[in-house]
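# Observations on the model geometry
Residues per chain are reported as follows:
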Amino acid sequence: VQLQASGGGLVQPGGSLRLSCAASGSTAGSYAMGWFRQAPGKEREFLAAIKWNGGSTVYSDSAKGRFTISIQKAIKTAYLQMNSLKPEDTAVYYCAASNTIITSTMAIESAYKYWGQGTLVTVSS
């Protein structure tokens, strides 16, 4: 499985962005996709994840209410809609995937086998 993240850029505080993550390869099995981010000088942080079958989702507290994860199965693409962006949301955003994940591990970085290259989001006026 290969992942290609896109959609990052410069946005003003209060603005919105939608990130995309296109997957190639098999999405069989207990497949899930997640979004993480890493701000300068900080560890990578979980944001949201979604199961391919059933569509169940998990969000971190920092993402809940402002970010929404979704998928379009026909084109094997996951999205992260980000609203009300703040300067502290500035980070490199990564998508990740696994075909062996279970619900209790959807928020755990080490549960993901495949990673995209990251896309930079800068929130600044």
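Here is a short report on the structure shown in this document. (Residues numbered from 1 in each chain as written. Predicted model: local features only at pLDDT ≥ 70, side-chain atom pairs only at ≥ 80, totals over all residues. Heavy atoms only, no water.)

### Remarks on the pattern of salt bridges
On inspection of all chains with the given rule, the structure shows five salt bridges. We note a salt bridge from Asp61 to Lys64, for which the minimum N-O separation is 3.6 Å. Summarising the burial analysis for this pair, Asp61 and Lys64 share the class exposed. A single network of salt bridges, built from pairs that share partners, joins Arg37, Glu45, Arg66 and Asp89. (Salt bridge = Lys/Arg side-chain N within 4 Å of Asp/Glu carboxyl O. Buried < 20%, exposed > 50% of the residue type's maximum accessible area, 1.4 Å probe, protein only.)

### A short note on the side chain of Thr119
Mapped onto the secondary structure, Thr119 falls in strand β11 (residues 119–123). The exposure class assigned to Thr119 is buried, which follows from its relative accessible area of 11%. In this structure the side chain of Thr119 is engaged in a polar contact, spanning 3.1 Å, whose partner is the backbone nitrogen of Gly8. (Helix = DSSP H or I, 4+ residues; strand = E, 2+ residues; numbered from the N terminus. Polar contact = N/O pair within 3.5 Å; in protein donor to acceptor, adjacent residues only side chain to side chain.)

### Thoughts on the pairing of strand β5 (residues 45–51)
Most of β5 is tucked away, with six of its seven residues classed as buried. With six bridges connecting them, strand β4 (residues 32–38) and β5 associate as antiparallel partners. Directly across from Trp35, in β5, lies its bridge partner Ala48. The turn joining β4 and β5, which pair antiparallel and follow one another in sequence, is formed by six residues; a positive phi near 75° is taken by Gly41. Direction of pairing for β5 relative to strand β6 (residues 57–59): antiparallel, over a ladder of three bridges. Residue pairing across strands places Ala49 opposite Val58, the latter belonging to β6. (Pairing = 2+ DSSP bridges.)

### Thoughts on the packing of aromatic side chains
All chains considered together, the criterion is met by five aromatic pairs. Ring centres 5.4 Å apart and planes at 80° place the aromatic pair Phe36 and Tyr112 in the edge-to-face group. With Phe36 in strand β4 and Tyr112 in the loop between β9 (91–98) and β10 (114–115), this residue pair connects regions lying 76 residues apart in the sequence. Residue Phe36 is classed as buried on the basis of its relative accessible area of 1%. Residue classification places Tyr112 among the buried residues on the basis of a relative accessible area of 5%. (Phe/Tyr/Trp six-rings, centres within 6.5 Å; stacked < 30°, edge-to-face > 60°.)

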